[in-house]
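Chains, contacts and geometry: an overview
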Amino acid sequence: MSTHSTVVVQLREMVLSGELAPGERVTEAELATRLGVSRTPVRQALPALAQEGLLVSAGKRGYSIRAFTTQNSIEAVRVRALLEGFAARHVAEKGVSATVLSALKACLAEGDALFTQRQLKDDDELRYAQMNARFHALITEAANMPLLENLTERCNVVPFTAPLSVAFSNTNKERMFDFLFYAHRQHHAIVDAIEAGQGDRAEFLFREHAHTQEQSLMMNNG
């Protein structure tokens with residue numbers, strides 16, 4: 001994993017744990033010192049985290065930690081699940097294309113490979129998050145509904161709502177493995193339902209998948 005990617009994960013987890021407090025102003029130099037890295041990967045990470053909704057602009061080229069509550073994130077996850085569930089139903093009922101189905105199955109295979117050793121390495125959290133983001137995007141894009149995609153993106157700027165925002169601040173690797181393994185089995189079930197043209201089931205599974213993310217948020221803030 002690149003230094004930039006490592007810094008993104010570390011800063012995301014520092015926000016989730018409260019080590020970086022809501023409203024706190026952060027600078028490249030200070031964060032680089034705290035993380036023991038050069039300023040370059042921090043400079044690259046800050047705009048990415050702002051795009052996720054974790055940071056807001058503060059002064060010239062500066063950022064501060066966005067104030068949010070766990071309930072804000074849970075509500076956004078639930079709304080996103082409604083949108084994605086509808087997208088999955090639509091894709092299943094109209095018939096998924098061979099190209100989209102192949103891309104979804106590639107995501108499944110990539111996720112499966114992370115779990116073959118029955119334990120997670122340091123960079124697996126980010127690898128899973130990137131695959132997870134592609135998986136969710138494939139389904140919303142396949143629905144071909146610009147309004148739905150736009151509304152989903154609006155949900156995703158709420159902290160720790162986007163599929164890319166996988167973070168486990170207080171969780172050991174064994175517990176993280178169990179959580180992500182279960183979530184990925186849900187990915188398999190969603191693809192099975194879409195491939196079989198089972199719109200009701202695909203929509204329900206997405207709702208349940210969102211509940212798993214809710215549990216993760218509660219687990220990290222409990």
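Residues numbered from 1 in each chain as written. Predicted model: local features only at pLDDT ≥ 70, side-chain atom pairs only at ≥ 80, totals over all residues. Heavy atoms only, no water.

Identification of the chain as GntR family transcriptional regulator from Neopusillimonas maritima is taken from an unreviewed UniProt entry.

**Some words on the domain arrangement of the chain**
Domains assigned within the chain are domain 1 (3–65) and domain 2 (70–220). Between domain 1 and domain 2, the C-alpha centre-to-centre distance is 25 Å. Contacts between the two partners involve 11 residues from domain 1, matched on the other side by 14 residues from domain 2. Buried surface at the junction of domain 1 and domain 2, both sides included, amounts to about 1100 Å², of which 65% is carbon and sulfur. Together, R12, L16 and E52 form the three largest contributors to the area buried by domain 1 at its contact with domain 2, with a combined 51%. Applying the counting rule to domain 1 against domain 2 returns 0 salt bridges. Mapped by element, the contributors of at least two residues to the side of domain 1 that touches domain 2 are helix 1 (3–17) and helix 3 (39–52). Ranked by the residues each element gives to the side of domain 1 that touches domain 2, the list is headed by helix 1, at 7 residues. (Domains from an automatic or database assignment. Contact = heavy atoms within 4.5 Å. Buried area = accessible area lost by both parts, 1.4 Å probe. Salt bridge = Lys/Arg side-chain N within 4 Å of Asp/Glu carboxyl O. Helix = DSSP H or I, 4+ residues; strand = E, 2+ residues; numbered from the N terminus.)

**Notes on the sheet that holds strand 1 (residues 25–26)**
Within the open sheet, the 3 strands sit side by side as 1-3-2. Their pairing is antiparallel. Only two strands of the sheet have a single neighbouring strand rather than two, namely strand 1 and strand 2 (55–57). As paired strands, strand 2 and strand 3 (residues 63–65) are joined by 3 bridges and run antiparallel to one another. Residue pairing in the sheet places V56 in a bridge with S64 of strand 3. (Pairing = 2+ DSSP bridges.)

**Some words on the layout of surface pockets**
Unfilled space is identified by rolling a water-sized probe across the atoms. Reported here for the largest pocket is a volume of approximately 510 Å³. Taken together, 23 residues form the lining of the largest pocket, with A133, E153, N156, A162 and L164 sitting closest to its centre. Elements that contribute at least two residues to the lining of the largest pocket include exactly helix 1, helix 3, helix 6 (124–142) and helix 7 (146–156). Counting residues per element, the lining of the largest pocket draws most heavily on helix 6, at 7 residues. The class makeup of the residues in the lining of the largest pocket is 9 nonpolar, 8 polar and 6 charged. (1 Å grid on protein atoms, 1.4 Å probe; cavity = no way out; pocket = protein on both sides within 12 Å on 5 of 7 lines; lining within 4 Å. Points joined across faces, edges and corners; volume = space filled by probe spheres on them. Nonpolar A, V, L, I, M, F, W, Y, C, P; charged D, E, K, R; others polar.)

**Some thoughts on the nonpolar core**
The biggest cluster of nonpolar side chains holds 36 residues, and the ones touching the most others in it are L104, Y128, F135, I139, L180, I190 and I194. When contributions to this core are tallied by element, the ones reaching two or more residues are helix 4 (70–94), helix 5 (98–114), helix 6, helix 7, helix 8 (173–195) and helix 9 (199–220). Here the element with the most residues in this core is helix 8; it accounts for 10 residues. Residues L31, L46, L54 and F160 belong to the second largest nonpolar core, which totals 25 residues. (Core = buried A, V, L, I, M, F, W, Y, C linked by side-chain atoms within 4.5 Å. Buried < 20%, exposed > 50% of the residue type's maximum accessible area, 1.4 Å probe, protein only.)

**Examining the packing of helix 2 (residues 28–35) against helix 3**
Taken N-terminus to C-terminus, the directions of helix 2 and helix 3 make an angle of 115°; their axes are 9 Å apart at the nearest point. When you trace helix 2 past helix 3, the crossing you get is right-handed. Contact residues: E28, A29, L31 and A32 in helix 2; R39, V42, R43 and L46 in helix 3. For the contact of helix 2 with helix 3, the class distribution of residues is 5 nonpolar, no polar and 3 charged. (Axes fitted to C-alpha atoms, helices over the stretch in contact; angles between N-to-C directions. Left-handed = near helix turned anticlockwise from the far one by under 90°.)

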